[in-house]
Amino acid sequence: MILTRGARVTGAVLSALLAVIVACWLIRDAQAANFGQVWRFWALLQDARPTATPATSSTDLVLFVVYVAVAMTALRGTAAASALVVAGVVTIAVRLPGLWTIGNRRMESAYSDDLRSRALICAFVALAAAAAMIITAGAGRRPPADSYERTPSGPGRGAGVLAFLALCTAGAVPMAWDIRQAVRYPEILPDWYVGSDRISQYLTGPPPGWATVTLFLLCVFAGFSAVVRARHARSFGLVAAALLLLGGVFGVVRIAHYDLLDHFGELGGELQLNLLGWIFQLVAALVALIALALPGPVPAPGPDPWAGGPGWSPPPATPPYPGQQSPGYGYPQGGGFGPPPPPSQPPPGW
């Protein structure tokens with residue numbers, strides 16, 4: 001199935017709307033808090049000194065890139081439907097907790113009333129646009145007009161297995177640390193996952209535990225979709241890999257900033273595992289991106305008599321007409337557009 005032209009335009013407009021909303025928040029942070037300091041704040045560097053508390057997180061930067069890519073894919077790409085669905089699902093997962101966390105006391109002390117009001121309005125608009133994207137992807141599907149109209153394809157066999165291993169293992173790394181923290185500090189449950197006055201989070205982002213679970217589920221779903229070579233695997237896998245990549249990048253930035261590799265032997269075992277986890281997450285995300293960048297082979301939607309191929313067999317031969325030559329040299333029997341007509345009688349006096 002592919003999308004109709006109206007569904008493509010609608011999906012592109014909705015994706016562009018989400019991109020504009022995220023861009024406005026990023027510009028606000030760049031002007032109010034100095035983007036260089038915001039970047040250091042995202043990387044959790046202790047010497048970050050933004051002039052104002054940033055409202056966005058690094059996830060917003062990834063979402064902006066995703067929305068722009070989805071808008072372009074919706075207009076002309078074969079994977080438009082799956083791209084709209086994954087953008088809508090991720091948007092709902094990221095923006096939904098804001099409906100009950102933007103108004104808590106911790107947010108009141110960190111952000112102004114006007115800023116929180118705008119954030120709540122943007123959350124409602126984003127959720128509505130995300131739901132509309134999913135509905136558009138489902139309602140705007142149509143079968144290909146002919147066998148030459150391109151259809152979406154999943155990853156190749158080897159690329160699917162590689163993406164499965166990379167996404168599932170890399171997605172399990174932050175989830176394992178999240179479980180470790182929950183076991184070590186049980187008093188933060190369930191606030192760590194649903195948010196509360198005791199948990200620090202960004203104005204436009206979800207609680208930390210919620211974000212980790214969302215990323216883990218997305219990686220597992222994309223990984224298993226890739227190993228079975230589903231048509232939506234590349235869209236979901238590329239978004240999951242992009243989210244993993246930025247987390248790995250910021251982890252490596254922290255390693256380089258504090259020269260942790262130079263003193264690796266002096267660190268505790270838990271911190272050493274943490275460093276190795278950041279590096280592995282970066283490498284695995286790059287492997288998944290490369291594996292899913294190119295589509296796999298696309299099976300034809302039906303038999304193609306001109307190309308043959310798997311699943312094709314010539315049509316059965318048609319018995320000759322009375323008086324017509326048997327198969328062999330002469331007219332071909334069967335196939336093509338059908339048997340030739342019987343020989344006509346010569347006109348009188350010929």
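Refer to the structure above for everything that follows.
Calculation notes
- Residues numbered from 1 in each chain as written.
- Predicted model: local features only at pLDDT ≥ 70, side-chain atom pairs only at ≥ 80, totals over all residues.
- Heavy atoms only, no water.
- Patch = residues over 30% accessible without salt bridge, like charges linked within 9 Å, V, L, I, M, F, W, Y side chains within 5 Å.
- Areas by Shrake-Rupley, 256 points an atom, 1.4 Å probe, with all protein chains shown as cover.
- Salt bridge = Lys/Arg side-chain N within 4 Å of Asp/Glu carboxyl O.
- Helix = DSSP H or I, 4+ residues; strand = E, 2+ residues; numbered from the N terminus.
- Buried < 20%, exposed > 50% of the residue type's maximum accessible area, 1.4 Å probe, protein only.

**Student:** When you look at a nonpolar patch on the surface in this model, what are you seeing that I'm missing?
**Tutor:** Taken together, the side chains of Leu99, Trp100, Leu120, Phe124 and Val194 define a hydrophobic patch exposed on the protein surface, amounting to about 420 Å² of accessible area. Secondary-structure elements contributing two or more residues to the nonpolar patch are helix H5 (98-101) and helix H7 (113-139). Take Leu99: it is sitting in helix H5. For Leu99, a relative accessible area of 33% translates into the label partly exposed.

**Student:** Sorry if this is basic, but what is going on with the pattern of salt bridges here?
**Tutor:** All told, the structure shown has nine salt bridges when counted by the stated rule. Taking the shortest distance from any N to any O, the salt bridge between Asp60 and Arg95 comes out at 2.8 Å. Remark: Arg95 occurs in helix H4 (residues 80-95) and Asp60 occurs in helix H3 (residues 58-76); sequence separation between them is 35 residues. Here the two residues Asp60 and Arg95 agree in accessibility, since each one is buried. Notably, a salt bridge pairs Asp114 with Arg118, separated by 3.2 Å at the nearest N-O pair. Taken as a pair, Asp114 and Arg118 lie in helix H7 at a separation of four residues, close to a single helical turn. In this structure Asp114 comes out as partly exposed when scored by relative accessible area, which is 48%.

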